Amino acid sequence: MGFLYRKLIRRILFNFNPELVHDAVIKGARAAQGLEVVNSLVALLARARNFPVTTAGLKFRNPVGLAAGFDKNCEAARILAGLGFGYLELGTVTLRPQPGNPKPRVFRLRENKAIINRMGFNNVGAWDAARSLEKMLPLSIPIGISIGKNADCSMEQAPQNYLDALKIMYPFGDYFAINISSPNTLQLRTLHGEEKLRRLVEPMLSFAAGQKQVKPFFVKMAPDLDEAAIDTVVELAVAMGFGLITTNTTIKRDAVPEYWRSYEGGLSGLPLKAPSNAVLARVVSLAKGRVPIIGSGGIFDGAGALEKLELGADLVQLYSGLIYEGPFLVKEILKYLERSNWRSPSSVK
Ligand SMILES: Cc1cc2nc3c(=O)[nH]c(=O)nc-3n(C[C@H](O)[C@H](O)[C@H](O)COP(=O)(O)O)c2cc1C
């Protein structure tokens, strides 16, 4: 199936504007998942062995998740779950709906197996996202919801803006990813600073602590941090008890041709693998076993996923790989893990 995608379907899809294709795929998936026969067929084609993982107090059937940004409005979770993912991270959702940045805002770097995007959290807002998701629940796998800040909200008001979105989405997620690392919202990445991050996360953790079900949180980090900045976030994660996702997209362009330097936005895909793995390795060295860690960035095959798991990630997640390698990438990765005799340390008694 992967072969068919790479040889034929990708060639057709790549003739069209990336965002147009993406929107059509999401719309098609949304319509198709209403038919039980389609969900069953997809699940049958993508069927794979289970690799149980327990982390952050949640049980996953395998460690390979969908990264945030693919299903920003929580519309297609049912059919995406059928592709074999161990979990889905939906969003990023903001409190109020917003259009995002002017188009075009997504670019394929085909020769580099990469994407540059400056979407800017275009989404329908927390209320509509919650309504869509509610209709699809319960799903067979854990659902993470990524939360971000509205572009028209000041940095001073950011903690309240995130908290208000969280309160709406809380009943519908199994975990929450606090997105402080998109390069496409002005000043968002300043939230990696110790005081700002504490002020942001504290109200969300205390809200969760007051609920019947206390759910886990992750902070999604940028790959463009120096060691001191990484250490600050990790120390706070250990002290406050939230997990870490390493990493979001990079603003660096050293791994791609000169031509792309003038394109603003976050770079994802193969060139992100090395920088995000470097952050992952540092986070693991400081916090392995003390907080859950998710590796994200540049997974295109089983070897790429295994590399992050062997570096010490509890879970991994991917986005760009799905665009370049097709919807059966998860199955291919799980087959590779099987051939490699991989087992999650959490499943070994
Ligand atoms: C078009 C596009 C949109 C994205 N939107 C989001 C988003 O809304 N929230 C987020 O946390 N990450 C977003 N990401 C980043 C991905 O979740 C992921 O962390 C990153 O792309 C690295 O993984 P990859 O190399 O497998 O794509 C986006 C990535 C792409 C390519």
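Structure shown above.
If you're wondering where the values come from, they're calculated on a predicted model, not measured in any experiment.

1. Focus on the pairing of strand 8 (residues 175–179)
Line of reasoning, step 1. A large share of strand 8 lies buried, amounting to five of its five residues.
Line of reasoning, step 2. Both strand 7 (residues 143–147) and strand 8 contribute to a ladder of four bridges, which runs parallel. Directly across from Gly144, in strand 8, lies its bridge partner Tyr175.
Line of reasoning, step 3. Where the polypeptide runs from strand 7 across helix 6 (residues 158–169) and back to strand 8, its parallel neighbour, the crossover connection is right-handed.
Line of reasoning, step 4. In this sheet, strand 9 (residues 217–221) lies alongside strand 8 in parallel orientation, the contact comprising four bridges. Residue pairing in the sheet places Phe176 in a bridge with Phe217 of strand 9.
Line of reasoning, step 5. Following the chain from strand 8 across helix 7 (residues 194–209) to the adjacent parallel strand 9, one finds a crossover that is right-handed.

2. Description of a nonpolar patch on the surface
Line of reasoning, step 1. Residues Leu4, Leu8, Ile9, Ile12, Phe16 and Leu20 make up a contiguous nonpolar surface patch of about 560 Å² in total accessible area.
Line of reasoning, step 2. Sort the elements by how many residues they give to the nonpolar patch and helix 1 (residues 2–13) lands first, with four residues.
Line of reasoning, step 3. Following the sequence through the fold, Leu4 ends up in helix 1.

3. Points about the site of the ligand
Line of reasoning, step 1. Neighbouring the ligand are 22 residues, the closest being Ala68, Thr92, Lys220, Gly298 and Ser320.
Line of reasoning, step 2. Between the ligand and Asn179, the relevant distance is 3.0 Å, taken from an oxygen atom to a side-chain nitrogen or oxygen of the residue.
Line of reasoning, step 3. Residue Ser320 places a side-chain N or O atom 2.6 Å away from an oxygen atom belonging to the ligand.
Line of reasoning, step 4. Summarising the interface, the protein chains cover 97% of the accessible area of the ligand, which totals 600 Å² for the free molecule.
Line of reasoning, step 5. Those elements giving two or more residues to the shell around the ligand turn out to be strand 6 (114–117) and strand 11 (266–269).
Line of reasoning, step 6. Tallied by class, the residues present in the shell around the ligand amount to seven nonpolar, 13 polar and two charged.

4. Points about the environment of Gly321
Line of reasoning, step 1. Following the sequence through the fold, Gly321 ends up in helix 11 (residues 320–325).
Line of reasoning, step 2. Counting along the chain gives 24 residues from Gly321 to Gly297, while the straight-line C-alpha distance between them is 9.2 Å.
Line of reasoning, step 3. Ignoring any residue separated from it by four or fewer positions in sequence, one finds Gly321 in contact with Ile299, Phe300, Gly326 and Leu329.

5. Points about helix 12 (residues 329–339)
Line of reasoning, step 1. Among the residues of helix 12, Leu329, Val330, Ile333, Leu334 and Leu337 are the ones counted as buried. Down the axis of helix 12, the buried side of the element spans an arc of 135 degrees, and every buried residue falls inside it.
Line of reasoning, step 2. Buried residues belonging to helix 12 abut strand 3 (64–66), helix 10 (302–311), strand 13 (315–318) and helix 11.

6. Some points on the side chain of Arg189
Line of reasoning, step 1. Residue placement: Arg189 occurs in the loop between strand 8 and helix 7.
Line of reasoning, step 2. Within the local environment of Arg189, its side chain forms a polar contact with the side chain of Asp224, the two groups lying 2.6 Å apart.
Line of reasoning, step 3. Reaching out from Arg189, the side chain makes a polar contact with the backbone oxygen of Thr249 at a distance of 2.6 Å.
Line of reasoning, step 4. Beyond its immediate stretch of four places on either side in the chain, Arg189 contacts Ile180, Ser181, Ser182, Pro183, Ala222, Pro223, Asp224, Thr249 and Ile251.

7. Some points on the packing of helix 5 (residues 126–136) against helix 6
Line of reasoning, step 1. Look at helix 5 against helix 6: their axes get within 9 Å of each other, and the N-to-C directions meet at 20 degrees. When the axes of helix 5 and helix 6 are compared, the pair comes out roughly parallel. Considering only the axes of helix 5 and helix 6, their crossing is right-handed. Touching Ala126, Trp127, Ala129 and Ala130 of helix 5 are Ala165, Ile168 and Met169, all from helix 6.
Line of reasoning, step 2. Each residue belonging to the contact of helix 5 with helix 6 can be placed in one class, and the counts come to seven nonpolar, no polar and no charged.

8. Some points on the sheet that holds strand 5 (residues 106–109)
Line of reasoning, step 1. An order of 5-6-11 is seen for the three strands of this open sheet, with the pairing classed as antiparallel. Two strands close off the open sheet at either side, each with one partner strand: strand 5 and strand 11. Along the sheet, successive strands turn relative to each other by an average axial angle of 25 degrees, direction set aside.
Line of reasoning, step 2. The pairing of strand 6 with strand 11 spans four bridges and is classified as antiparallel. Along strand 11, the bridge assignment pairs Ile116 with Leu267.

9. Here's the deal with the packing of helix 9 (residues 273–287) against helix 10
Line of reasoning, step 1. It is at 9 Å that the axes of helix 9 and helix 10 come closest, and there the two elements cross at 20 degrees. Classified by the angle between their axes, helix 9 and helix 10 sit roughly parallel to one another. Once helix 9 is placed against helix 10, the crossing between them reads as right-handed. From helix 9, Lys273, Ser276, Asn277, Leu280, Ala281 and Val284 reach across to helix 10, where they touch Gly304, Glu307, Lys308 and Leu311.
Line of reasoning, step 2. A class-by-class count of the residues in the contact of helix 9 with helix 10 yields four nonpolar, three polar and three charged.

What counts as what
- Residues numbered from 1 in each chain as written.
- Predicted model: local features only at pLDDT ≥ 70, side-chain atom pairs only at ≥ 80, totals over all residues.
- Heavy atoms only, no water.
- Buried < 20%, exposed > 50% of the residue type's maximum accessible area, 1.4 Å probe, protein only.
- Helix = DSSP H or I, 4+ residues; strand = E, 2+ residues; numbered from the N terminus.
- Pairing = 2+ DSSP bridges.
- Right-handed = clockwise from strand over helix to strand, strands pointing away.
- Patch = residues over 30% accessible without salt bridge, like charges linked within 9 Å, V, L, I, M, F, W, Y side chains within 5 Å.
- Areas by Shrake-Rupley, 256 points an atom, 1.4 Å probe, with all protein chains shown as cover.
- Salt bridge = Lys/Arg side-chain N within 4 Å of Asp/Glu carboxyl O.
- Near = heavy atom within 4 Å.
- Polar contact = N/O pair within 3.5 Å; in protein donor to acceptor, adjacent residues only side chain to side chain.
- Nonpolar A, V, L, I, M, F, W, Y, C, P; charged D, E, K, R; others polar.
- Contact = heavy atoms within 4.5 Å.
- Arc of directions from axis to C-beta.
- Axes fitted to C-alpha atoms, helices over the stretch in contact; angles between N-to-C directions.
- Parallel < 35°, antiparallel > 145°, perpendicular 65-115°, else oblique.
- Left-handed = near helix turned anticlockwise from the far one by under 90°.

Limitation: the analysis is restricted to geometry and does not speak to function.
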